[in-house]
Structures are given as structure tokens and as C-alpha cells.
Amino acid sequence: MLAPPCLLLAIFFLWPMVMVIARSFTDPTLTSANYVEVFSRPAYLRVLWNTLLIATTVTVLCLVISYPVAAVISGFRGGLLHLCFALILIPFWTSTVIRTYAWMVIFQRRGVLNGLLQSMGVIGEPIEFMHNFIGVQIGMVHVLLPFMILPLVSTLRTIDPVYMRAAGVLGANPVRAFLHVYLPLSMPGISAGVMLVFITALGFFVTPALLGSERQMMIAMLIEQQVSVAVNWPLASALATVLLVVTLALYFLYEHLQHRTVRGGHT
């Protein structure tokens, strides 16, 4: 029964991936020049750095915002819990392009946010929320928050409240009980959410392309530029392969740390 899905993955996923990797080494001839160009040009290295930096900051922001939200939701039951899940999942029903254009309407110089701040007398001149890291990060956090909240809620709902009460009975104040009991028990949800958000953010294209600029270019935008503007498929294939290798390396590092944690006797 595994044969049909494995065949489907091999044809539509593995084979195209192999062709992309092969093209980066063999077009026009067998060479590593494409990778030499990627790692020797400062502009490409800056794009790679931007990608890692934006993905990291977006992941941290998602975690900081999602953890208290997930902690509150995990205590709900019945209809209120279902309502919260519906509100979290509603963004999945809306296209990322539409959500990004909505942020453009809010963030533009004469947009909703600047108009509101000026009418309240908070600012005198419009603030540039677009074409910088602020706009890109807010847009990406909005899209990726559900990927962090859902694993956290799933994990936090399995933590028995009796553990926190026991910690208090044994003399721990709320901060100590959180740091030594609640937080360690929630680590599986944190690690899963961080991995999901970070790997997804590495390949983001639409949001940084619409809300960012050349200074905030991410590697997916550079790949699209090489394909559609420069028509340099070998270099685009090399960039895609670099992104794939970085993603796989982070995934295997995550798996290694997970196995070490389990062998060490921690949850």
C-alpha cells in the first residue's frame, strides 16, 4: 500500500529535486562554477544572511507572541476552545497574497495606520512601515503564527495542572515553578513550532517581495530573479540547492538534539 504514494513522491518531488541539483552542476558543462559564484559574490552572501536573519527574528517573535496565547487557550474547554481554534485557522482560508496586500493597505504612507496615528497626534509625518525589515517581519509573523500556536496548544494541553500546584506546595514561587516545571514540559511544542516556522520562513517569497525591498531580499526572491529576469537557470538551481542543504542541515541538527534530549532522560 505504500507503493502508490512513494511513486507519487518520487515522480513529482524527488525527481524534480534531483534535476535541479544536477542542473546546478552540469549546465552548461560539468562544473562547480555556479557554487563558486554564489559563495564569492558579497551580494549573494548578503541575501543568504538576510534570509537567516529574517527567519530567525520571525521565529523568535512568533514564539514570544504564541506562547502566552497558547497557554491561555490550553486552559479552555468546549465551545470556547473550538472558537479559539477557528480564529487561529481562519487565516489559512485566506490567500497569503491577499493578506500581504491588506498589510500594504495598512502600512502605506497614506494608509490606515499612518492616518490613525496622525489623527491622534502621535506622529507629525508618515512613518515608513513598508520596504524595510519592520513590514516584512510583521507580515511574515502574521502568516506563520498558526504554525507556532497549534503545536504549542497541543503540547500545553497535555500538561497536568497538578504539577504546578505540586511545585507551589513544595515552596516554588510562580516564576520558579514556570521555569523548572511548566517550561521544560512544554519544550516538545516549542521545538516543533520553532522548526516549522523557521524552515517555512527560509523559503518565503510573497511577503518579503511585496513588503520589502532589495535590502530585505531573501533567497527565494533571488532565485525568482535569476529565473525570470536574468534567465540564469544554472545559478538559480545552485541557489535552490544551497537553500535545500541549509534546510536539511537544520532539520538533522534538530533531530540530533531531540535524540540527545530523549537519551538524557528529559521530556
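Scroll up to find the structure.
The structure displayed is predicted, hence computed values, not measured ones.

Basis of the calculations
Residues numbered from 1 in each chain as written. Predicted model: local features only at pLDDT ≥ 70, side-chain atom pairs only at ≥ 80, totals over all residues. Heavy atoms only, no water. Buried < 20%, exposed > 50% of the residue type's maximum accessible area, 1.4 Å probe, protein only. Helix = DSSP H or I, 4+ residues; strand = E, 2+ residues; numbered from the N terminus. Arc of directions from axis to C-beta. 1 Å grid on protein atoms, 1.4 Å probe; cavity = no way out; pocket = protein on both sides within 12 Å on 5 of 7 lines; lining within 4 Å. Points joined across faces, edges and corners; volume = space filled by probe spheres on them. Nonpolar A, V, L, I, M, F, W, Y, C, P; charged D, E, K, R; others polar. Salt bridge = Lys/Arg side-chain N within 4 Å of Asp/Glu carboxyl O. Core = buried A, V, L, I, M, F, W, Y, C linked by side-chain atoms within 4.5 Å. Contact = heavy atoms within 4.5 Å. Axes fitted to C-alpha atoms, helices over the stretch in contact; angles between N-to-C directions. Parallel < 35°, antiparallel > 145°, perpendicular 65-115°, else oblique. Polar contact = N/O pair within 3.5 Å; in protein donor to acceptor, adjacent residues only side chain to side chain.

Engineer: Looking at this structure, I do not really get helix H2 (residues 33–40). What am I missing?
Structural biologist: In an α-helix, one turn spans 3.6 residues; hence positions three or four apart end up facing the same way. Turning to H2, its buried residues are Asn34, Tyr35 and Val38. Along H2, the residues classed as buried sweep out an arc of 95° about the axis, all on the same side.

Engineer: In this structure, what is going on with the layout of surface pockets? I would like to understand it.
Structural biologist: It is a probe the size of a water molecule, rolled over the atoms, that shows where empty space is left. If you add up the space inside the second largest pocket, you get close to 250 Å³. Lining the second largest pocket, in full, are Phe13, Met17, Val20, Ile21, Ile223, Val227, Trp233, Ala236, Ser237, Ala240, Thr241 and Leu244. If you list the elements that add at least two residues to the lining of the second largest pocket, you get helix H1 (3–26), helix H12 (219–228) and helix H13 (233–263). No other element matches the 6 residues that H13 contributes to the lining of the second largest pocket. Class assignment for the residues of the lining of the second largest pocket results in 10 nonpolar, 2 polar and no charged.

Engineer: Which parts of the structure should I look at to understand the pattern of salt bridges?
Structural biologist: In total, this model carries 2 salt bridges according to the counting rule given. When the shortest N-O distance is used, the salt bridge between Arg41 and Glu37 registers 3.4 Å. Judged by its relative accessible area of 37%, Arg41 is partly exposed. Across the salt bridge formed by Glu128 and Arg109, the nearest N and O atoms sit 2.7 Å from each other. Taken as a pair, Glu128 in the loop between helix H6 (112–119) and helix H7 (133–156) and Arg109 in the loop between helix H5 (96–107) and H6 lie far apart in primary sequence, 19 residues in all.

Engineer: Would you mind going over the nonpolar core with me for this structure?
Structural biologist: Here is a general trend for soluble globular proteins: nonpolar side chains tend to be buried in one another's company. In terms of nonpolar packing, the biggest core is built from 53 residues, with Val58, Cys62, Met140 and Leu144 touching the most fellow members. Those elements that provide at least two residues to this core are H2, helix H3 (42–73), helix H4 (78–89), H5, H7, helix H10 (187–202), H12 and H13. The biggest single contributor to this core is H7, with 11 residues. Ignoring any residue separated from it by four or fewer positions in sequence, one finds Met140 in contact with Ile54, Val58, Ala201, Phe204, Thr207, Pro208 and Met218.

Engineer: How should the packing of H3 against H12 be read in this particular structure?
Structural biologist: For any two helices packed against each other, the geometry is given by the interaxial angle and the distance between the axes. With their axes 8 Å apart at the nearest point, H3 and H12 run at an angle of 140° to one another. Between H3 and H12, the angle falls in the class oblique. From H3, Tyr44, Val47, Leu48 and Thr51 reach across to H12, where they touch Ile219, Leu222 and Gln226. Among the residues making up the contact of H3 with H12, the classes are represented as 5 nonpolar, 2 polar and no charged.

Engineer: What am I meant to see in the side chain of Ser74 here?
Structural biologist: In this structure, Ser74 sits in the loop between H3 and H4. Of the polar contacts made by the side chain of Ser74, one reaches the backbone oxygen of Ala71; its length is 2.7 Å. Non-local contacts of Ser74, meaning those with residues more than four positions away in its chain, are made with Val153, Leu156, Arg157 and Tyr182.

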